[in-house]
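# Coordinates in review
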Amino acid sequence: MVSATTGDGLNTLSDAFAAAMPEGPHLYPDDDLTDLPDRLLAAEIVREQIFCRRTKKFLIATTVETETWREADDGSVRIECNDLCFASGP
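All of the points below concern the structure found in this document. (Residues numbered from 1 in each chain as written. Predicted model: local features only at pLDDT ≥ 70, side-chain atom pairs only at ≥ 80, totals over all residues. Heavy atoms only, no water.)

### With respect to the overall build of the protein chain
Using the following cut-off: Strands here are runs of E lasting at least two residues and helices are runs of H or I lasting at least four, both read from the DSSP assignment and numbered beginning at the N terminus. A radius of gyration in this sense is built from C-alpha atoms; the matching globule rule multiplies 2.2 Å by the number of residues raised to 0.38. Between two residues, a contact is recorded if the distance between any of their heavy atoms is within 4.5 Å. Under the convention used here, a 1.4 Å probe and the Shrake-Rupley method define accessible areas, while residue burial counts only the protein chains that appear. The charge count treats Lys and Arg as positive and Asp and Glu as negative. His and the chain ends do not count. Charged groups are reduced to one reference atom each: NZ for lysine, CZ for arginine, CG for aspartic acid, CD for glutamic acid.
When helices and strands are tallied, the protein chain shows 2 helices and 2 strands. Over its C-alpha atoms the protein chain spans a radius of gyration of 21 Å, topping by over 25% the 12 Å that the globule rule assigns to 90 residues. For the C-alpha atoms alone, the extent of the protein chain along its principal axes is close to 50 × 45 × 15 Å. Sequence separation of 24 or more characterises 36% of the internal contacts of the protein chain that already satisfy a separation of 6 or more. In the form shown here, the protein chain has an accessible surface area of approximately 8000 Å², with 55% of it arising from carbon and sulfur atoms. In the protein chain, 8 positive and 17 negative side-chain charges are present, and the distance between their average locations comes to 18 Å.

### Structural notes on a negative patch on the surface
Short version of the rule: Excluding any residue in a salt bridge, patches collect residues exceeding 30% relative accessible area, merging like charges within 9 Å and nonpolar Val, Leu, Ile, Met, Phe, Trp and Tyr side chains within 5 Å. Salt bridge, as used here: a side-chain nitrogen of Lys or Arg that lies within 4 Å of a carboxyl oxygen of Asp or Glu. Think of it in three bands: with a 1.4 Å probe and only protein chains considered, a residue is buried below 20% of the maximum accessible area for its type, exposed above 50%, and partly exposed in between.
Side chains of D30, D31, D32 and D35 sit close together on the surface and give a patch of like negative charge. Examined against the element boundaries, D35 turns out to sit in the loop between helix 1 (10-20) and helix 2 (38-52). Using a relative accessible area of 55% as the deciding quantity, one classes D35 as exposed.

### Here we look at the environment of E65
You can see E65 is positioned in strand 1 (residues 58-71). Distance from E65 to L27, taken between C-alpha atoms, is 28 Å for residues 38 residues apart in sequence. Setting aside anything within four residues of it in sequence, one finds E65 in contact with E80, C81 and N82.

### Comments concerning the pairing of strand 2 (residues 77-88)
A regular strand places its side chains so that they alternate between the two faces of the sheet. We apply this condition: Note: two strands are recorded as paired if DSSP finds a minimum of 2 bridges between them.
Sheet topology places strand 1 next to strand 2; 12 bridges connect them, and they run antiparallel. Across the sheet, L59 pairs through a bridge with A87, a residue of strand 2. The hairpin turn running from strand 1 into strand 2, its antiparallel successor, is 5 residues long, and G75 in that turn takes a positive phi close to 95°.

### Brief notes about the side chain of T62
Here is the rule: Here a polar contact is taken to be a pair of N or O atoms separated by no more than 3.5 Å, where protein atoms must pair a possible hydrogen donor with a possible acceptor and residues adjacent in sequence count only if both atoms sit in side chains.
Among the structural elements, T62 can be located in strand 1. A distance of 3.3 Å separates the side chain of T62 from the backbone oxygen of L84, its partner in a polar contact. Among residues more than four places away in sequence, those in contact with T62 are R47, I50, F51, L84 and C85.

### Topic: the pattern of salt bridges
Any two side chains of opposite charge can pair, on the condition that their charged atoms come close. Evaluation of the coordinates by the stated rule reveals 3 salt bridges. Taking the shortest distance from any N to any O, the salt bridge between R47 and E44 comes out at 3.6 Å. Here R47 and its partner E44 are both found in helix 2, 3 residues apart, which amounts to about one turn of the helix. Judged by its relative accessible area of 29%, R47 falls in the partly exposed class. Note that E80 is salt-bridged to R78, the shortest N-O span being 3.0 Å. What emerges from the salt-bridge pattern is a single network uniting R70, R78 and E80.

Given below as structure tokens:
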């Protein structure tokens, strides 16, 4: 028996699911953190910061596009993004 209200039986259920799942092959190298391209990941980080640093206006939606990606000889990267935000409020 499982209770969604109290959570009783959830550990038993999750253990049963884990035991029933076959072990599969590694699809990505161990040091890969994501399968997203670097440009898209950079745009999502910028988008996250827009939401974190928004003003008193209510931010409805935002989209970010990576325009340029320049790698320097020292390993650093200069990333330039464009954003389009829709907000409401005073």
